[in-house]
Each structure stands twice: as C-alpha cells, then as structure tokens.
Amino acid sequence: MMGLIDVIPLPFLATLALTYSAWVALSLAMDRHYADINGRGAEPSAVSRKRGRWLGTLALTAAFAVCVRDSGWGIGPVAWLGTMTVAALLLVLQLCYAPKSVLRTGKPVLWLALLLTLATGLL
Amino acid sequence: MREGFRQSMAWLHTWSGLLVCWVLFLVFCAGTASYFREEITLWMKPELHASHSAPITNAQAAQTALTALQSKAPDASRWFITLPAERSTALRIGWINPPPKDAPPKTRGKFTSQIIDPLTGEKMPDVRDTRGGEFLYRLHFDLHYMPALWARWIVGFCAMFMLVAIVSGVITHKRIFKDFFTFRPKKGQRSWLDAHNATAVLALPYHLMITYTGLVTLVFMYMPWGIQTAYKGNQESFFADVFPSAKNGKPAGKPMPLTPLQPLLAQAEQRWNGIPAVGITINHPGDANATIQIRRQEEKGLNYIQPSVQFNGVTGALVSADNEDIGGANATRGVLYGLHIGHFANPLLRVLFFLCGLSGCAMVATGALLWAVKTRQGYARKLAAGGRVGFGLRLVEALNIGAIAGLPIAFAAYFWANRLLPVAMPKRPDAEISWFFIAWGVAAVLAQIRPDRRMWQWQLWTGALLFMGIPLLNVFTTSSHLGVTLFMAQGPWSVAGFDLTVLALGIGLALAAWHLGRKKKKAGKKTGKQRPQETSEATLQEAA
C-alpha cells in the first residue's frame, strides 16, 4: 500500500506553493488586482510593482528548477506547466470571490514555499 | 490594418470554434476521463476490488496465462497476454480465432479477451462484463455507431478546427496579460468571456499540446504522403519498420510445439536491466513459424515507444530487439504521442492533466455559450417587441443544452447501468453503452423541443443527482463503497478516488443548477415576468 508521501510528494507541494505565490506577486503588481485586494482606488507604488514582478518571475523560475530537478528535463517542464495552470486557476477564483484573503494567504504560502523548496534539498 | 487583421481573426475564431464545439466537447470530456481509463475499468468491475493486491511474479502469471490459452484457444492465430502492472493489476488473456473457412476474404478474426485468476488460470468467477474506461477512451476518437475510419476523420477535422480556433483566439485576445487573472461574475456576457478566457489562457500550454499531439497520434492516416513517397506506396513495409508488432509472417501449416515462455521472459527482463515485461504476443502458436514478442513496461519517460524483443516461437532464439535505439523522427512522434496519452504521469501529474482537461471542457462549453449569449443580445429589441429568435440561435441553444448539460447525464447513466444491470446478463457491455446513448439522446431531443432556462435547470439537476448518487448507489450494490475504501481505509484507493471525483462533479453540476434557479427568481422579482434566457451563470463553467 502506498503511503501518503508517495502520492503527494514534497516537490509537488513546493512547486504548487511557489507558483501560487508567484501568481500572487504578479497579480499584486497589476492595478486591478491590487485595488481588488487593498480596496478601491489603491494603486501599487512603482517600487512594489517592480518587486512583485521580480518576485513572481523568480518564484516561477525556482518552481521550474524544482520540477526539473525532481523529474528531469522531460517530465519536469510538463509538471511545471500543469502546476502553474492549477495554481493560477485557484488564484483567479480567490481573487474573484475572496480578494481580501489573498493578503492573508500570500505571505504564509511564500514562506511555506521557501521551506518546502529547502526541504526538497534544492537550496 | 492591425485592427482589420484582429477582426478577421475574431471572425475565424468564432466560426471555427462554433462549428465543431459540440463534437469537441464530447472529445474533451471522454478524453479527460480516459486519463483514468484503467481506474474506471477497475471501478466498473467491483468483483475485482477485493483481489486487488495479490502479489505474483511475472513468470508465474505468464505460465498460468499460457496454460489457460492452450486449453481455451488451441486454434487461435494470435495469443495476447497482459501481465499485471502497477495501474492494472489483473492478468488478462486474449486471442484471435481465425475467421471461418467459408467467410469472405479479408474477414478479420474474432478477438476475445478474459481476465483470469493468476493462480488457477480460471476465468474470474462472476466478473461483470464491461468495456469500462476503454469505451470512453475509444469514444474520444472512434465515436460510436459508425466505422472507426469515418469517426477518426471527423474527430481529426474537429481537432484541426480546434487548432485554428486556439491560434486565432490568442491573436484575438487583446488583453491576454492584462486580463490574466480576471474573472468578473454576474455580469452577463462579460462573465462568460472572462470564464472562456481564463479557462483557455491559464491552461493554454495544455490545450495547444493536447490538440496538436492529438492530431499527431493519427498522423499516418491524416498525412500519408510522406510515407507513400519514401516507401513507394508500400505501406506495409513502413508499418513493419515503425511497429515491430506488425512483423507477422504467414503460418507454415506445420504443427510444432511452442518453446517454454519463462526463459524468454527472463532473458528479456535481463536485457532491460530488470524492468519488467508488460505484455506478450504469440503469433501462430503451435505452428512452425510461431513468433513470440515481449514488450517492456513503460519506463518513466515522455516517449511512449518502449523496447520489445522478438523470439522464434519454436527454438526460442532471439530474432530481433526492437525500439532500443529509435531514430529522431520516430522518437519525436513517440514523445508527442506520449504527451497526449500521459502514461508517464504519476498519480499526481495525472490529476493535473485531468484538471487541465476539465478546464478544456469548460473552455469549449463557455465558448459555445458565449456565442448564444452574444447572439441573443442582438435579438433584444425584437424579443421585447414580442418577436422570436432566429433558427440558428434556437438550434445552438438547444445543442448547447443537449451537449453541455446532457453529456454529464450520459456519463452518469453509463456508470449507473454498470451497477444496476444484472451481472450475468448477455451482451452486458453493449447494454451499458446503450444506456449512455439513450440517456444522451433523450436529453438532446428534449433540449431541441424546449431549449429554455428551465430545460437547463432540469438537465443540470438530473446530471447532478445522478453523479452525486453514484457513491450512494455503491453502498447498496457493492462492498467497496466509500465507507469501506475511505473511512475504513481498506482501499483500493483508486476506487475511493473515483467515488470522490464523481461526487465533486455532481456538486459542481448542482451548484450550476442552483445558481441558475436563484438567478431566475431574482429576475422574476425585479421585472415581474421572466426575462429572456440569460445563461450567464458563472458556475456553469463548473458544469463542464
């Protein structure tokens, strides 16, 4: 009988957390979603916009690295793309139905992502 | 000029999409289900749930299968053995009996297959006969009730249109990055467009991949010209080059005993560094020209083409080792094909593929609905003056109901039939499939008779209740329901996963139906009468 750890391996969770926080960072760099999350009329500053974009790009790259390291150059990118899709769909639903909660989940998930990435032994 | 180009692409996107969307919806739904083909088949054979984990070595299983074949089908022209593997733990044998002597030339022999007990070789007692997930898999490119060749041309035609729709859709979508995360519910046409965009863009790599690779799987049929030129019209020698299993000589007509199987199996597995075999094919068993082909289990890689070895069936000498070092073109095809069928995926990646597939279903469904919503708005003034909608819109709306709300009913009916029909019924697989098409046919006809909001609600509720009822039905008809598989943690996990998935799909359909009803009440209160049908419910996308 397969244990739970075989069914939901660490690298997948790390990738999911990384891609989710990447999308959160990228969406916070966009006017519409920044306003959705922080209240009407709020606009991201130039610095935080830049930071969001960098963070997002970095996290997506890190997710790619985790995938390739875990499942190689063939299956890794496939897993990466699939996880990105699922994470983005999750965020779209969250931004739509509970936009304020993104502030509460964004940071913890980013920390979790770092932790999980460390745990997979990449960094 | 740029605006003009975009507009022409928008036109192309609209019509290439609309023309084929109902077939595509079927292909997407059945194809998505096919990721769990083995699991669905297992679920549909509850008699096998208990014997799920009987450990047995490949050599033992092969010997049992061979003995069974020798007694059950001594005159067959081919024997097939499918050894137990990770996802499909049953031992399966199959054989082709030669066509009767008086049959017209080119008649193909009849294929029979059985699941047997790996210890005794007897047919598993009382395992219900069903095509299981295989039916859904075949449905997604062979359709049904028509020659497979026609069906493949139809599906290929639709897939080609899909590819056109994807590319033109990306060009049409001006705000692909700005609207990346955007979904605005309860805004009518806007919401449908958002839902269509989100399900399309966020899973775009998947949609492109699955459509393109889908065409590649049947490329030899759609584009035979390269082969005809290179092989000077000799298709058979091409197929013998590409598919080693097609190397199948004529029988000598001289009886000779078959060489023992076990040493060959050991030799093959040793050659593959211990990776086990998954299948054995024996051509012309008992004849002097017998050959034995052994295929390797898939190793975790994108390429679906796996090595195999051919042995002389009488002497046991190695004839050839195939697919060990395949050429670039064939490897490319193997990888594209492999990506489409996703056999390399572990359970988790398989779930990701499944979710992306659902997203594809939602994309097709929302696209079809979007056309209807948009076109209906063009009729707003006419409708207000008491006029009626045009034939085209009525047809599309009815087809939408029949496909999007009706197809889930058909799927559910198939699973219900599997549990309710008598286990020993003759022609049971056909009966199950009939249930699928009868349910779908009724839904589609009713939709044509009355394509309105109430019909959406009825059909969505029917689908929802049928899907949500499946786990409950299991409690009464099997001993491997969720109470056993999940709460008592006895497994098999794939059976529990099936029940949970249909439950979730049922809840999604129920949400869509409930949302539709709520919206109608509100609209009724506001205006005092029913407003024109406005299928703008966001949750409908989950219905897909």
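Residues numbered from 1 in each chain as written. Chains lettered and ligands numbered in written order. Predicted model: local features only at pLDDT ≥ 70, side-chain atom pairs only at ≥ 80, totals over all residues.

Colleague: Sorry, what's going on with the overall build of chain A here?
Modeller: Of the regular secondary structure elements, chain A holds five helices and zero strands. Starting at the N terminus, the α and β elements of chain A follow one another as α-α-α-α-α. Relative to the compact-globule value of 14 Å for 123 residues, chain A shows a C-alpha radius of gyration of 15 Å, a close match. When the backbone C-alpha atoms are referred to their principal axes, chain A occupies close to 50 × 30 × 25 Å. Here chain A holds 123 residues, and the buried ones make up 41% of them. Put simply, 73% of the contacts in chain A that link residues at least 6 apart link residues at least 24 apart. (Helix = DSSP H or I, 4+ residues; strand = E, 2+ residues; numbered from the N terminus. Rg over C-alpha atoms; globule rule 2.2 N^0.38 Å. Buried ≥ 20, exposed ≤ 12 C-beta atoms within 10 Å, placed from the backbone. Contact = placed C-beta atoms within 7 Å.)

Colleague: What am I meant to see in the interface of chain A and chain B here?
Modeller: Many authors give the size of an interface as the accessible area that is lost as the parts come together. Listed per partner, the contact involves 21 residues of chain A and 22 residues of chain B. Secondary-structure elements contributing two or more residues to the side of chain A that touches chain B are α2 (10–28), α3 (31–38) and α4 (46–97) of chain A. A per-element tally of the side of chain A that touches chain B places α4 of chain A first, with 14 residues.

Colleague: Can you help me understand the packing of helix α15 (residues 391–420) of chain B against helix α17 (residues 453–477) of chain B in this one?
Modeller: The angle between the axes and the distance between the axes are what describe a pair of packed helices. Residues and elements named next belong to chain B. Interhelical geometry of α15 versus α17 gives an angle of 20 degrees and a closest axis separation of 9 Å. In terms of orientation, α15 lies roughly parallel with respect to α17. Judged by the twist between their axes, the crossing of α15 over α17 is left-handed. In this structure, α15 uses Ile401, Ala405, Gly406, Pro408, Ile409, Ala412, Ala413, Phe415, Trp416 and Arg419 to contact α17, whose residues at the interface are Met455, Trp456, Gln459, Leu460, Thr462, Gly463, Leu466, Phe467, Ile470, Leu473 and Thr477. Class assignment for the residues of the contact of α15 with α17 results in 15 nonpolar, five polar and one charged. (Axes fitted to C-alpha atoms, helices over the stretch in contact; angles between N-to-C directions. Parallel < 35°, antiparallel > 145°, perpendicular 65-115°, else oblique. Left-handed = near helix turned anticlockwise from the far one by under 90°. Nonpolar A, V, L, I, M, F, W, Y, C, P; charged D, E, K, R; others polar.)

Colleague: Would you mind going over the nonpolar core with me for this structure?
Modeller: Generally speaking, soluble globular proteins have nonpolar side chains that are buried together. Within the largest apolar cluster, 167 residues are counted, with the highest numbers of intra-cluster contacts made by Phe25, Ala65 and Ala413 of chain B. Among the elements that line this core, the one with the most residues is α4 of chain A, at 18 residues. Ignoring sequence-local partners within four residues, the contact set of Ala413 of chain B consists of Trp435, Phe436, Ala439 and Leu466 of chain B. (Core = buried A, V, L, I, M, F, W, Y, C linked by C-beta atoms within 7 Å.)

Colleague: What is the right way to read the confidence of the model for chain B from this model?
Modeller: In low-pLDDT regions, the fine details of the predicted coordinates are not to be read closely. Residues and elements named next belong to chain B. Summing up the model confidence of chain B, the mean pLDDT is 87 and the portion of residues at 70 or higher is 92%. Per-residue pLDDT stays below 50 along residues 526–544; that stretch engages in 52 contacts with residues further than four places along the chain or on separate chains. Here the predicted complex scores 0.89 on pTM and 0.91 on ipTM. (pLDDT = per-residue confidence, 0-100.)

Colleague: Got a minute to help me understand helix α12 (residues 328–341) of chain B in this structure?
Modeller: Given 3.6 residues per helical turn, the α-helix brings residues three or four places apart onto the same face. Residue and element names in this part refer to chain B. Under the 1.5 Å per step criterion, the end-to-end length of α12 is 20 Å for 14 residues, consistent within 8% with the ideal 20 Å. Of the residues making up α12, those classed as buried are Arg333, Leu336, Tyr337, Gly338 and Leu339. On the buried face of α12, the contacting elements are α7 (204–217). Note on α12: the residue one or two positions beyond its end, Gly342, has a positive phi of about 60 degrees. (Expected span 1.5 Å × (residues − 1).)

Colleague: What am I meant to see in the environment of Tyr35 of chain B here?
Modeller: All names here are of chain B. Within the secondary structure, Tyr35 sits in the loop between α1 (2–34) and α2 (37–43). C-alpha of Tyr35 to C-alpha of His343: the two residues are 308 residues apart in sequence and 8.3 Å apart in space. Apart from the residues within four sequence positions on either side, Tyr35 is in contact with Gly342, Arg350, Phe353, Phe354 and Gly357.

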